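# Observations on the three-dimensional arrangement
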Amino acid sequence: MTSAISGPDDGSGAASASRPLLVLASASPRRLSLLAQIGLTPDRVDAADLDETPAPRELPLPYARRLAVEKAAVVAARTDEPALILAADTVVSMGRRIMPKAEDRDTARTCLELLSGRRHTVVTAVALAPSGAWSEGRRCVRAVETTVTFSRLTERQIEGLLDLGDWNGKAGGYALQGHAASFIRFVSGSPSAVIGLPLFETAQLLRGQKGAWLT
Ligand SMILES: Cc1cn([C@H]2C[C@H](O)[C@@H](COP(=O)(O)OP(=O)(O)OP(=O)(O)O)O2)c(=O)[nH]c1=O
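Since the model is a prediction, treat every value here as computed from it, not as a measurement.

### With respect to helix 1 (residues 29-37)
- Where helix 1 is concerned, the buried positions are R31, L34 and L35. The buried residues of helix 1 occupy an angular sector of 100 degrees when projected down its axis, which confines them to one face. For helix 1, the exposed residues set more than 90 degrees away from the buried face come down to P29 and Q37.
- Buried positions along helix 1 lie against strand 1 (21-24), helix 2 (60-77), strand 3 (83-94), helix 5 (191-195) and helix 6 (199-207).
- Directly after helix 1, the chain includes G39, whose backbone phi takes a positive value near 85 degrees.

This is the structure we're talking about:
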């Protein structure tokens, strides 16, 4: 794959002197399509697959930052070519309480019951890390906080959302880009960050790199 805006010069997928590879360290199809929205297709996708257990008493924002930085670092360490690694992490929280990523229906139900009729916070951190072979790249990270308010959900509405299934693999057990949108009264911050990647901040970080992926 090559970048839709400006990929490696010879079209072979190999890094050129002026354009290191852009590697997305994520298994999330949302992150891939969010990058496509701003005209970027990574040269490679290489998911980091870390243990994402929060440390004891870890707060949502530092937790998201730590995971994004670790995901980028793990993939940077195993990339031999000149490359810039992009990773992100999305955390849904209420106060200090970090909500799980819903991998089963019961977890998603517990999340939706908690979120019903309340305001919560979504933090997404995005991190960039150069591979060892690209000395001009710079490590950086940004965390973006967004407030989301759900209307009050009846038991029937919660079961209806659960039947639709798009909570699977989502932090907090819902997808703003999916069926839950009909119950979301208010979003203050970055909608793209809620879905997995804050596009404005990601673009700013990429523009700050020597690779010139974005103008
Ligand atoms: C709140 C919310 C989360 N999500 C998704 C974004 C992330 O993919 C996921 C949070 O889990 P993450 O651990 O951030 O990401 P991931 O496990 O999907 O992928 P990887 O770690 O390989 O990068 O929840 C939505 O798609 N919509 C939403 O409204």
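### A few points about the confidence of the model for the protein
- Considering every residue of the protein, the mean pLDDT works out to 92; 92% of them sit at 70 or more.
- Below pLDDT 50 for its whole length, residues 1-16 participates in 34 contacts with residues either more than four positions away or in separate chains.
- Scored as a complex, the prediction yields pTM 0.92 and ipTM 0.98.

### Regarding unusual backbone geometry
- With phi around 55 degrees, D49 is a residue other than glycine that occupies positive phi space.
- Position of D49 relative to the elements: it lies in the loop between strand 2 (44-45) and helix 2.
- Phi is positive for R57, close to 60 degrees, though the residue is something other than glycine.
- Counting through the fold element by element, R57 comes out in the loop between strand 2 and helix 2.
- R57 gets classed as exposed once you look at its relative accessible area, which sits at 76%.

### What to know about the packing of aromatic side chains
- Taken as a whole, this structure holds 2 aromatic pairs when the rule is applied.
- Arranged with centres 5.8 Å apart and planes meeting at 85 degrees, the rings of W134 and W213 form a pair that is edge-to-face. Here the residue W134 occupies a position in the loop between strand 5 (119-130) and strand 6 (140-150), and W213 occupies one in the segment after helix 6, the gap between them amounting to 79 residues. The pair W134 / W213 is uniform in exposure class, with both members buried.
- With a centroid separation of 4.9 Å and 90 degrees between ring planes, the pair formed by F150 and Y174 is classed as edge-to-face.

### As for the UniProt feature "active site" (unreviewed entry) in the protein
- In the numbering used here, UniProt assigns the feature "active site" (unreviewed entry) to D89.
- Structurally, D89 can be placed in strand 3.
- Ignoring any residue separated from it by four or fewer positions in sequence, one finds D89 in contact with R31, E52, A64, L67, A68, K71, V123, T124 and A125.
- One polar contact links D89 to K71, side chain to side chain, over a distance of 2.8 Å.

### Overview of the pairing of strand 6
- Here strand 5 runs beside strand 6; their pairing, made up of 10 bridges, is antiparallel. By the bridge assignment for strand 6, V126 is matched with R142.
- As paired strands, strand 6 and strand 7 (residues 184-188) are joined by 4 bridges and run antiparallel to one another. Looking at the pairing, F150 lines up with I184 of strand 7.

### Structural notes on the side chain of E201
- With respect to the helices, strands and loops of the structure, E201 is situated in helix 6.
- With no salt bridge to any partner, buried E201 finds its closest opposite charge in R142, at an N-O distance of 4.7 Å.
- Residues contacting E201, with those up to four places away along its chain left out, are R142 and V144.

### Considerations on the site of the ligand
- Among the 22 residues in the neighbourhood of the ligand, the closest are listed as S26, R31, K71, K101 and L176.
- T90 is positioned with one of its backbone polar atoms (N or O) 2.8 Å from an oxygen atom of the ligand.
- In this structure, an oxygen atom belonging to the ligand sits 3.4 Å away from a main-chain N or O atom of I195.
- Where the shell around the ligand is concerned, the elements lending two or more residues are helix 1, strand 3 and helix 5.

Definitions and limits used
Residues numbered from 1 in each chain as written. Predicted model: local features only at pLDDT ≥ 70, side-chain atom pairs only at ≥ 80, totals over all residues. Heavy atoms only, no water. Buried < 20%, exposed > 50% of the residue type's maximum accessible area, 1.4 Å probe, protein only. Helix = DSSP H or I, 4+ residues; strand = E, 2+ residues; numbered from the N terminus. Arc of directions from axis to C-beta. Contact = heavy atoms within 4.5 Å. pLDDT = per-residue confidence, 0-100. Phe/Tyr/Trp six-rings, centres within 6.5 Å; stacked < 30°, edge-to-face > 60°. UniProt positions renumbered as here; feature names shortened; annotations may be inferred. Polar contact = N/O pair within 3.5 Å; in protein donor to acceptor, adjacent residues only side chain to side chain. Pairing = 2+ DSSP bridges. Lys, Arg positive; Asp, Glu negative; His and termini not counted. Salt bridge = Lys/Arg side-chain N within 4 Å of Asp/Glu carboxyl O. Near = heavy atom within 4 Å.

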